[in-house]
Amino acid sequence: MKDEKTSRRERRRRRLRNQFFAYLILIIIVVLVLTAGFFGVKGVIRYMNEYNERVNKVIEEAESGAAAEQDSEPYIPEPSESSAEDIEGYTPPVDDDPMDTLIESLLAGMTTEEMVAGLFVVTPESIPGVGTAIQAGEGTKTAVTQNPVGGFVYAPKNFKTPEQFTQMLAKTRSYSKFSFFTIVSAECGSTDYGLAATEKASGLAAADSASQAGAVAPAGYDNVSQAYTEIGSALAAYGVDMDLAPVAEIVPSDGDASLRERSFGSEAYMVCGGVGAAVQALQQTGVSAALQKFPCMENGSRTLEELQQNEFLVFDTAIQGGVDCIMVSHIQMSGITGDDTPSSLSPVIISDLLRNTLGFQGVVMTDYLDNSAITDNYSSAEAAVAAIQAGADILLAPENYQEAYEGILQAVADGTITQERIHDSIYRIYCVKYKDAIESL
């Protein structure tokens, strides 16, 4: 989206520059004609012709590049020739991308500190420093006001009743100056957040797992769609707008039992179908899917070729289907990255493979940064900086939010991370947060 916008603006600047040159030439001609008596008419004409040939050659070269671009892009009418009087009141074409206009207007008033805070998703206990959050009081209000984080991730312990949970999320949201994500993890077959009753009412057994729901394809995909429609509808009613689901893992029949229950199958085509159905159903309810986990959760010894023939097919299916967010695991893929850097902190995994190879332009979220796979080897600040440098957008639940936040600010101050890099991530995050506002127009 951003590349197309930049290209469009560049072509517009070229057209305006060329038009400016044309009128500049006209003015020069008038001046030269008026001074012809001093220099001689023939000399003036000869100079005009030579000058015009040079300028026209430059214009033709500039426009030939634009013409080549237009062969593969939508036609944008060139401004018609007009008089010098018209050029003074000329108004450049209005950008026709309403999403870009909206997001840039929202970001225009944000400080660097606010943008950096917006990259973090934390638990509701981490900022106010409470035991278990089941309501949003003055402590939450103060915390959210002073730390305008990008979202909160809730656990089953934060849910007591639908009414209590709905009220807590609504009050928390009302305290914030900026929009933020409210996130849970509710997969197919979940009994958390009151979903067991919802599934029973719809005719699905509460014990249905992803493997059971997608067991018989293609009929199984209807079960997956139904389950995630029910899940998404229930979560949306609470005020939740992102679900850390579904799982994209391909798990063999002899693989980890708990992970196998969360997977849609042991073959790529089975998981592709289940993941595609789940993402579409969930996001149609207004709840963003955060696909787990790129490039995989186990077996870090896989080669790039093995990933391309298996997991990459699943992620590509989800990306083509418009998945909003992809979570990156902490697994080490040393055979691909050449070192022991966790995938969540690796530019090879995030920027090279997920962004460039698979073409994902949505939101990239790290796995939980308070996991021992990170905390045993990195400080909160080090992990946060490394994740942003690698290409991540959302930093999920760092062990120490304040340290991680200040680490990013320091990296921006000393030039380790650029302002543009922060802007890119917050832009992608806001595109997801406000996509329904644009789609409803």
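Residues numbered from 1 in each chain as written. Predicted model: local features only at pLDDT ≥ 70, side-chain atom pairs only at ≥ 80, totals over all residues. Heavy atoms only, no water.

Draft legend 1. Summary view of the overall build of the chain. Within the chain, the regular secondary structure consists of 22 helices and eight strands. Among the 441 residues that make up the chain, the fraction classed as buried is 48%. (Helix = DSSP H or I, 4+ residues; strand = E, 2+ residues; numbered from the N terminus. Buried < 20%, exposed > 50% of the residue type's maximum accessible area, 1.4 Å probe, protein only.)

Draft legend 2. Main features of empty space enclosed by the protein. One pass over the structure, following the stated rule, counts five cavities of 30 Å³ or more. Roughly 60 Å³ of volume is contained in the largest cavity. Lining the largest cavity we find Pro124, Ala133, Gln135, Ala136, Thr140, Phe152, Tyr154, Met168 and Thr172. Split into classes, the residues belonging to the lining of the largest cavity amount to six nonpolar, three polar and no charged. (1 Å grid on protein atoms, 1.4 Å probe; cavity = no way out; pocket = protein on both sides within 12 Å on 5 of 7 lines; lining within 4 Å. Points joined across faces, edges and corners; volume = space filled by probe spheres on them. Nonpolar A, V, L, I, M, F, W, Y, C, P; charged D, E, K, R; others polar.)

Draft legend 3. Focus on helix H19 (residues 380-390). Counting buried positions along H19 gives nine out of 11 residues, so the element sits mostly inside the fold. Immediately downstream of H19, the backbone of Gly391 shows phi near 120 degrees, a positive value.

Draft legend 4. Examining a negative patch on the surface more closely. A cluster of acidic residues, Asp370, Glu382, Glu399, Glu403 and Glu406, forms a negative patch at the surface. Mapping Glu399 onto the fold places it in the loop between strand S8 (395-396) and helix H20 (401-413). Using a relative accessible area of 55% as the deciding quantity, one classes Glu399 as exposed. (Patch = residues over 30% accessible without salt bridge, like charges linked within 9 Å, V, L, I, M, F, W, Y side chains within 5 Å. Areas by Shrake-Rupley, 256 points an atom, 1.4 Å probe, with all protein chains shown as cover. Salt bridge = Lys/Arg side-chain N within 4 Å of Asp/Glu carboxyl O. Lys, Arg positive; Asp, Glu negative; His and termini not counted. Charge placed at Lys NZ, Arg CZ, Asp CG, Glu CD.)

Draft legend 5. Examining the confidence of the model for the chain more closely. This prediction gives the chain a mean pLDDT of 81; 72% of its residues lie at or above 70. Here residues 54-94 scores under 50 on pLDDT; set against residues more than four positions off or in separate chains, the count is 34 contacts. Low pLDDT, under 50, characterises residues 202-207; the predicted model gives this stretch 13 contacts beyond four residues in sequence or across chains. (pLDDT = per-residue confidence, 0-100. Contact = heavy atoms within 4.5 Å.)

Draft legend 6. Representation of unusual backbone geometry. Ala245 connects to Pro246 through a cis peptide bond whose omega is 0 degrees. In this model, Phe294 is joined to Pro295 through a cis peptide bond whose omega is -5 degrees. Relative to the assigned elements, Pro295 resides in the loop between strand S5 (288-294) and helix H14 (304-309). Phi is positive for Tyr193, which is not a glycine, with a value near 55 degrees. As for its position among the elements, Tyr193 is in the loop between strand S3 (181-184) and helix H9 (195-201). Phi at Asn299 is positive, roughly 60 degrees, even though this residue is not glycine.

Draft legend 7. Structural detail: the side chain of Glu311. Position of Glu311 relative to the elements: it lies in helix H15 (residues 311-320). Dropping the residues within four chain positions of it, Glu311 is found in contact with Ile250, Pro295, Cys296 and Arg302.

Draft legend 8. Focus on the pattern of salt bridges. Taken as a whole and judged by the stated rule, the model has eight salt bridges. Close ionic contact of Glu187 with Arg262 constitutes a salt bridge, the shortest N to O distance being 2.6 Å. One end of the pair, Glu187, is in the loop between S3 and H9; the other, Arg262, is in helix H12 (residues 257-262), with 75 residues separating them in the sequence. When its relative accessible area of 29% is taken as the criterion, Arg262 is described as partly exposed. Here Arg428 and Asp393 are joined by a salt bridge, their closest N and O atoms 2.9 Å apart. Placement of Arg428 in helix H21 (residues 419-433) and of Asp393 in the loop between H19 and S8 is noted, with a sequence separation of 35 residues between them. Put simply, Arg355, Asp393 and Arg428 are held in one network by salt bridges that share partners.

Draft legend 9. Focus on the pairing of S3. Residues Phe181 and Ile183 line one face of S3 and the alternating positions Thr182 and Val184 line the opposite face, and both faces are buried. The sheet contact formed by strand S2 (residues 151-153) and S3 spans three bridges and is parallel. Bridge pairing links Val153 to Ile183 in S3. For the segment spanning S2, helix H8 (residues 162-175) and S3, crossover handedness is right-handed. The pairing of S3 with strand S4 (residues 242-243) spans two bridges and is parallel. Residue pairing across strands places Ile183 opposite Met242, the latter belonging to S4. (Pairing = 2+ DSSP bridges. Right-handed = clockwise from strand over helix to strand, strands pointing away.)

Draft legend 10. Local environment of the packing of H19 against H20. One way to put it is that H19 packs onto H20 with a least axis distance of 7 Å and a crossing angle of 55 degrees. As summarised for this structure, H19 and H20 are arranged oblique, according to the angle between their axes. As for how H19 packs across H20, the hand of that crossing is right-handed. In this structure, H19 contributes Ser380, Ala381, Ala384, Val385 and Ile388 to the contact, and H20 contributes Glu403, Ala404, Gly407, Ile408 and Ala411. Here the contact of H19 with H20 is built from residues that sort into seven nonpolar, two polar and one charged. (Axes fitted to C-alpha atoms, helices over the stretch in contact; angles between N-to-C directions. Parallel < 35°, antiparallel > 145°, perpendicular 65-115°, else oblique. Left-handed = near helix turned anticlockwise from the far one by under 90°.)

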